[in-house]
Amino acid sequence: MDTMSAKKFLQNTEVKFKVKMIATIIPAAIFLITILIEGITGTGIQIMQNIYLISGLILLVATGAVVKLLKIALTAFKWGWLLTPFTLFDLVIAVIAGGFVLGVGLLFPFGPMALDTWDLYMERRNAKAYL
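The following paragraphs examine the structure supplied in this document.

Cut-offs and rules
Residues numbered from 1 in each chain as written. Predicted model: local features only at pLDDT ≥ 70, side-chain atom pairs only at ≥ 80, totals over all residues. Heavy atoms only, no water. Core = buried A, V, L, I, M, F, W, Y, C linked by side-chain atoms within 4.5 Å. Buried < 20%, exposed > 50% of the residue type's maximum accessible area, 1.4 Å probe, protein only. Helix = DSSP H or I, 4+ residues; strand = E, 2+ residues; numbered from the N terminus. Contact = heavy atoms within 4.5 Å. Axes fitted to C-alpha atoms, helices over the stretch in contact; angles between N-to-C directions. Parallel < 35°, antiparallel > 145°, perpendicular 65-115°, else oblique. Left-handed = near helix turned anticlockwise from the far one by under 90°. Nonpolar A, V, L, I, M, F, W, Y, C, P; charged D, E, K, R; others polar.

**Considering the nonpolar core**
Moving on, step 1. In this structure, Ala23, Leu59, Leu60, Ala65, Leu69 and Met113 together form the largest nonpolar core, which totals six residues.
Moving on, step 2. When residues of this core are traced back to their parent elements, those giving at least two are α2 (46-62) and α3 (65-81).
Moving on, step 3. With residues up to four places along the chain from it excluded, the contact list for Leu69 reads Leu60, Val101, Leu102, Gly105, Leu106 and Pro112.

Here you go:
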C-alpha cells in the first residue's frame, strides 16, 4: 500500500468507522441503562427491553456486522462438527454450538458489532502506519 492509497483508504473509511463505532455504543448503552434501572427499581421495563432488542438487531444488520456474526457461528459449527468421530453426534454438537453462538450474538448485538469495528480500526491503523 502506498501513501496515496493509504490516504484514500483513510478518507473513505472515516465516516464508516465513526458510524460503526456509534452503532456499537448505542445498544451497549441501552443495555447498561436497562440493567441499572431494573436493578434500582426491582422491576423490568418491557419497553426498554424491546427498544434494546429491536435497535440492536437493526444496527446489527445496518452495519453489516451480521456477516461477522454468521462467520463466527459458522466457525463454531465447524469446530463442533470436527469435535467427535461420530457423524450424528457431530451434527448435534455442531448445531448446538453454532446456534448458541448465533443466539448470544443476537441477544448481545454489540459483541459482533464491536468485533467488526475493531477489524476496521486495525485496517485503519495499518493504513496510518504507511503515512
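**Description of the packing of α3 against helix α4 (residues 87-107)**
Moving on, step 1. Here α3 crosses α4 at 155 degrees, and the two axes come no closer than 7 Å. The pairing of α3 with α4 is recorded here as roughly antiparallel in orientation. As for how α3 packs across α4, the hand of that crossing is right-handed. Side by side, α3 and α4 meet where Leu69, Leu70, Ile72, Ala73, Ala76, Phe77, Gly80 and Trp81 of the first sit next to Thr87, Asp90, Leu91, Ile93, Ala94, Val95, Ala97, Gly98, Val101, Leu102, Gly105 and Leu106 of the second.
Moving on, step 2. In the contact of α3 with α4, the residues fall into 15 nonpolar, four polar and one charged.

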